[in-house]
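Report on the structure
Next come the chains, spelled out residue by residue.
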Amino acid sequence: MFNKLKRSAEGARTPHDKPTATKKTVRLPLPKSVKILMSQHIGAPAKPVVAKGDTVMVGTLIGEAGGFVSANIYSSVSGTVKAIEPYAMPNGRVCDAIVITTDGNQTVDPAVKPPVITDKASFLKAVRDAGLVGLGGAGFPTDVKLQPKQKVDTLLINASECEILLSSDTREMLENSETVLAGIEAVLKYTGIPNCIIGIERNKPECIDLLCSLTKDMPNITVKPLPSVYGTGAELILIEKCLGREVPHGGLPADAGAIVMNVTSVSFLGKYLATGMPVVERRITIDGDACARPCNVVAPVGTALQELVDFAGVKEATKLGKVIAGGGMMGPAVPDLSAPTTKTSGGLLMLSEASARPEPVLSCIRCGRCVEYCPLGLEPVESAAAFARKDVEELGRLHTDYCFTCGSCSFVCPAHRPVTQMMTMAKDFYLTKTKGGKK
C-alpha cells in the first residue's frame, strides 16, 4: 500500500496531556438500572435470550451471538429484566436493548467458571463464549480475528493509546500487567503464532519500562517503543512501524502476517481464562476542560453516560457544552446522556461551552495541510473534489477507502473545514458504488 501513497513524514502532533494517566482506577457506584444493547460489535446483533420479568445475575447470558461474525452479550448486574425495547443507534440502525433494574447485590451467576481449554478449538470457543470483541473501539469479534485463513507469524499488541486525553489502556498496563502477559501467552500457545510485539508510544515510559522488565526472559515477546505521533495506533500504521510490512489494498492485517489486538482486549482474555467472567464492565477515562474530577472508572456495561458525568462532576462556574463518547479526535458527540456505555466505551470527554463552540468555517485555501498530516498520506482535498463530481474511479485512484476517520485532517485545517466528515461521506459513497456498501 505505502509504495502507492506518499506517506506523511511528520503526522499530526496532537496534545499528549493525559492527567488521568497517573490516577488509579476507581469503581463507579452501581447504577439503579442499566440498558444493555444487543449490538455492541461489528457484525450481526445478538439475539435476546431473556424475557421481561426474568431474574438475571452478573455474567448471565442475555444475548446470544446472531451469526459467525457476532458476539454474546451478558448481564453486567444482578436484578430483574424490566423491558426489552428498540434502541436507535448513532449509525441510524435500530437494535434491541435489554433494560435491567439492579438489586444492589451483584450476585455472580453460578455458570461463571474458568473455561477448560485443551487445544485451539476449545480456546477459540472460550474466546467466543466470553463475548470478547476489540475493546480498543473497533468491536470486531476476537474469536473470528484469531482464526485467519492466512499464515500469521506475529501477534501485534496495540498499546499506543494515541487518542487525546484517554488513559484507560495505560492504566490497564500499569495495574494489570500480569493479565496482559497471560493473555498474550495464551494466544501464542493455542494459535501457534510464534512471536509477539507490544507497540507502545514513547510518551508512556512507565509502561515501556514495566513490560520490558517483565518480558526480559520471554524471547518471543518484544516491547517496541513507537513515535508519539497521532495515528500510530491504526492497524495499517502499527504493522508498518513494527514489522515494516504493508497490508495490500483491500486486505486485512493477516494478509501481512499479523493479527492486531488491543492491549485491554488481550488483558481481558488473561482475566477470563482465570475467572470465567465474560465482558460485563469497562474502564473509562472521564476528562475534559469541564470535568471537575478527571478519573478512570470501571462501570458496568449499559451504564447511562449521565451517571459518568454526575460522578466526575462539572467544574464550578462552567457550563457543559458538549460530551464526547471516546477520544477527542475520533469520538462522536453525544446528543443524549441517557445513552448507555458499551463494551467498546473507553472514554468520555466533558467539554465546556467555550471550547465546544465551533470555529467559523472558511473556504479551502488549498494549503495542503490535510495531505501533509494524513497518517496514510491520503489527499483529502482531491477526494473532496472527486466526491463533489461523484467520480468513483478517481476516488478509487486516491485510495479514499483507506481513510479510518482519525480526524487529523480536520485537526490541522486552518479553515476549520469538516474534512473528516467529508472523507467519511466520500468513502461511504465509494464503497456503496463498488462493494455494495461493505467496509
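Being a predicted model, the structure only gives us computed values, none of them experimental.

In this section: the nonpolar core. Residues Phe123, Leu155, Ile157, Ile184, Ile198 and Ile200 are the most contacted members of the largest nonpolar core, which totals 41 residues. Ranked by the residues each element gives to this core, the list is headed by helix 4 (residues 177–191), at 7 residues.

Before going further, it helps to examine the packing of helix 3 (residues 168–175) against helix 7 (residues 263–275). As a packed pair, helix 3 and helix 7 sit with axes 9 Å apart at the nearest point and diverge in direction by 40°. Put simply, helix 3 runs oblique to helix 7. The two elements helix 3 and helix 7 cross, and the hand of that crossing is left-handed. Packed against helix 3, whose contacting residues are Ser168, Asp169, Glu172 and Met173, the element helix 7 presents Val263, Thr264, Ser267 and Lys271 at the interface. Its residues placed into classes, the contact of helix 3 with helix 7 shows 2 nonpolar, 3 polar and 3 charged.

Turning our attention to empty space enclosed by the protein. Inspection of the entire model under this criterion finds 1 cavity of 30 Å³ or more. If you trace the largest cavity, you find 14 residues lining it, with Cys374, Pro375, Cys403, Cys406 and Cys409 closest to the centre. Of all the elements in the fold, those that place two or more residues in the lining of the largest cavity are helix 13 (408–412) and helix 14 (419–435).

Turning our attention to the confidence of the model for the protein. In the predicted model, the protein carries a mean pLDDT of 93, and the fraction of residues at 70 or more is 97%. Low confidence marks residues 1–9, where pLDDT is under 50. Its contacts with residues over four positions away, or in another chain, come to 29 contacts.

On to helix 14, then. The end-to-end C-alpha distance of helix 14 is 23 Å, a good match for the 24 Å that 17 residues give at a rise of 1.5 Å each. Turning to helix 14, its buried residues are Val419, Thr420, Met422, Met423, Ala426, Lys427, Phe429, Tyr430 and Leu431. The elements touched by buried residues of helix 14 are helix 11 (380–389), helix 12 (392–397) and helix 13.

Now for the layout of surface pockets. The volume enclosed by the second largest pocket comes to roughly 610 Å³. Forming the walls of the second largest pocket are 26 residues, and the residues nearest its centre are Arg27, Lys271, Glu281, Arg282 and Val298. Contributions of two or more residues to the lining of the second largest pocket are made by strand 1 (26–27), helix 3, helix 7, strand 13 (281–287) and strand 14 (295–300). By residue number, the principal contributor to the lining of the second largest pocket is helix 7, which donates 4 residues. When its residues are assigned to classes, the lining of the second largest pocket shows 13 nonpolar, 6 polar and 7 charged.

Now for the pattern of salt bridges. Going through the model one piece at a time under the given rule, you end up with 15 salt bridges. A salt bridge links glutamate 382 to arginine 366, with the shortest nitrogen-to-oxygen separation between them at 2.9 Å. Highlighted residues: glutamate 382 in helix 11 and arginine 366 in the loop between helix 9 (353–356) and helix 10 (369–372), separated in sequence by 16 residues. For glutamate 382, a relative accessible area of 27% puts it in the partly exposed group. Looking at arginine 366, the relative accessible area reads 57%, which means it is exposed. A cluster of three or more residues bridged by salt bridges with shared partners is formed by Arg171, Glu172, Glu175, Lys271 and Arg283.

This next bit is on unusual backbone geometry. Unlike most non-glycine residues, alanine 317 shows phi in positive territory, near 60°. Mapping alanine 317 onto the fold places it in the loop between helix 8 (305–312) and strand 15 (320–325). In the Ramachandran plot, arginine 366 falls in the positive-phi region, its phi being about 55° despite a non-glycine side chain.

For the rest of this paragraph, the subject is the pairing of strand 13. Among the 7 residues in strand 13, 6 count as buried, and that is most of the element. Alignment of strand 13 against strand 14, held across 6 bridges, turns out to be antiparallel. Residue pairing for strand 14: arginine 282 is matched across the bridge by alanine 299. The pairing of strand 13 with strand 16 (residues 347–352) spans 3 bridges and is parallel. The residue bridging aspartate 287 from the neighbouring strand is leucine 349, located in strand 16.

Turning next to the sheet that holds strand 16. One open sheet accounts for 5 strands, arranged 1-14-13-16-15; its pairing is mixed. Bordering the open sheet on either side are strand 1 and strand 15, each of which pairs with just one other strand. The sheet contact formed by strand 15 and strand 16 spans 5 bridges and is antiparallel. Bridge pairing in strand 16 links valine 323 to methionine 350.

Conventions used here
Residues numbered from 1 in each chain as written. Predicted model: local features only at pLDDT ≥ 70, side-chain atom pairs only at ≥ 80, totals over all residues. Heavy atoms only, no water. Core = buried A, V, L, I, M, F, W, Y, C linked by side-chain atoms within 4.5 Å. Buried < 20%, exposed > 50% of the residue type's maximum accessible area, 1.4 Å probe, protein only. Helix = DSSP H or I, 4+ residues; strand = E, 2+ residues; numbered from the N terminus. Axes fitted to C-alpha atoms, helices over the stretch in contact; angles between N-to-C directions. Parallel < 35°, antiparallel > 145°, perpendicular 65-115°, else oblique. Left-handed = near helix turned anticlockwise from the far one by under 90°. Contact = heavy atoms within 4.5 Å. Nonpolar A, V, L, I, M, F, W, Y, C, P; charged D, E, K, R; others polar. 1 Å grid on protein atoms, 1.4 Å probe; cavity = no way out; pocket = protein on both sides within 12 Å on 5 of 7 lines; lining within 4 Å. Points joined across faces, edges and corners; volume = space filled by probe spheres on them. pLDDT = per-residue confidence, 0-100. Expected span 1.5 Å × (residues − 1). Salt bridge = Lys/Arg side-chain N within 4 Å of Asp/Glu carboxyl O. Pairing = 2+ DSSP bridges.

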